[in-house]
Amino acid sequence: MTDRNFDGIAERFKKNIYGNAKGELRLALCWRELVDKLPALSEGRSMSVWDAGGGLGQMSIRLAELGHSVLLNDISADMLELARKDIAAAGLAPQLDIRKASIQAISAAQKQSFDLVLCHAVLEWVADQEDVISSLVAGMRPGAHLSLMFYNLNALILSNMAKGNLYKLRDRDFAGHPGGLTPPGPCEPQRIIELLQHAGLEIVAKRGIRLVYDLMPRAVRAQRSITDVQALEWQYGADEPFCSLGRYVHLLCRLPE
């Protein structure tokens with residue numbers, strides 16, 4: 001497995017991942033978690049933020065709108081070109097440093113530079129998850145926070161149980177097909193938590209992202225408002241066992257001073 005590059009399918013990625021309720025819920029819940037747990041984001045002080053593997057830049061734009069200085073990197077030139085268009089349309093280009101580079105390359109060049117590091121829906125696409133986590137931590141100043149969201153193996157197993165995919169369950173064959181948009185490296189939450197703690201981070205908060213929505217049959221989803229579903233996601237997402245069963249898991253971590 002190599003790190004996944006979305007060059008050539010960036011438009012398809014944007015449409016399939018973010019052009020529907022699934023992507024809308026993911027962004028909304030993750031953003032609400034950040035604002036809820038990090039009130040400093042909205043207090044008017046400019047923070048140094050790294051949106052690591054940030055792709056289309058949705059989080060970068062929201063953070064820049066709050067006055068923060070943001071570095072957005074990705075290995076996909078096509079994804080960054082789409083991000084540049086949205087950033088320019090929002091009039092935020094002066095506040096964003098956009099770089100086509102790997103997470104490891106940015107970390108090596110910007111050690112201990114950032115007050116906040118975001119890495120959302122990236123771990124499941126990389127060849128060496130532990131190396132990426134180490135690189136993210138290396139970019140953090142003492143006292144900085146890491147917002148890490150990853151594709152959850154637990155939820156994938158639960159989904160295959162509900163669908164009766166007995167052979168996949170027997171063989172633990174959950175990786176997506178090469179070239180598709182299902183991640184090849186779903187993450188086991190406890191393993192990721194242990195890697196983060198080994199790297200010296202404290203876990204501040206844990207939340208499951210998209211549990212309610214993904215458990216609903218498609219016909220039921222169509223009859224429920226996104227607002228109502230989002231409210232239920234927020235109500236249950238921080239409580240066990242639900243926070244370990246969302247399609248994604250979001251961890252907010254802190255590097256002690």
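Residues numbered from 1 in each chain as written. Predicted model: local features only at pLDDT ≥ 70, side-chain atom pairs only at ≥ 80, totals over all residues. Heavy atoms only, no water.

Explain the state of the cysteines to me, using residue names and the numbers behind them.
Across all of its chains, the model carries zero disulfides by this definition. The closest cysteine sulfur to the non-disulfide-bonded Cys 119 is located on Cys 187, 9.7 Å from its own sulfur. In this model Cys 243 remains outside any disulfide bridge; the closest cysteine sulfur is found in Cys 253, 13 Å from its own. (Disulfide = S-S within 2.5 Å.)

Describe the pattern of salt bridges, with residues and values.
What the rule picks out here adds up to 12 salt bridges. Linking Asp 36 and Lys 37 is a salt bridge whose minimum nitrogen-to-oxygen distance equals 3.1 Å. On the accessibility criterion, Asp 36 (45% relative accessible area) is partly exposed. Close ionic contact of Arg 210 with Asp 214 constitutes a salt bridge, the shortest N to O distance being 2.7 Å. The exposure classification of Arg 210 matches that of Asp 214, with both residues buried. (Salt bridge = Lys/Arg side-chain N within 4 Å of Asp/Glu carboxyl O. Buried < 20%, exposed > 50% of the residue type's maximum accessible area, 1.4 Å probe, protein only.)

Explain the side chain of His 145 to me, using residue names and the numbers behind them.
With respect to the helices and strands, His 145 occurs in strand E5 (residues 140-151). In this structure, His 145 is in contact with Leu 38, Asp 115, Leu 116, Val 117, Met 140, Val 204, Leu 252, Cys 253 and Arg 254, ignoring residues within four places of it in sequence. (Helix = DSSP H or I, 4+ residues; strand = E, 2+ residues; numbered from the N terminus. Contact = heavy atoms within 4.5 Å.)

So what's going on with the packing of aromatic side chains? Which residues, and what values?
Throughout the structure, instances matching the rule amount to six aromatic pairs. On the numbers, 5.5 Å between centres and 65° between planes, the contact of Tyr 151 with Tyr 248 is edge-to-face. Placement of the pair is Tyr 151 in strand E5 and Tyr 248 in strand E7 (residues 248-254), with a sequence separation of 97 residues. Accessibility classification places Tyr 151 together with Tyr 248 in one group, the buried group. Pairwise contacts between aromatic rings join Phe 6, Phe 13, Tyr 18 and Trp 125 into one cluster. A cation over a ring is seen here: Arg 207 above Trp 234, with NZ or CZ 3.7 Å from the ring centre. For Arg 221, the ring lying beneath its charged end belongs to Tyr 213, and the centroid distance is 4.5 Å. (Phe/Tyr/Trp six-rings, centres within 6.5 Å; stacked < 30°, edge-to-face > 60°. Lys NZ or Arg CZ within 6 Å of the ring centre and 35° of its normal.)

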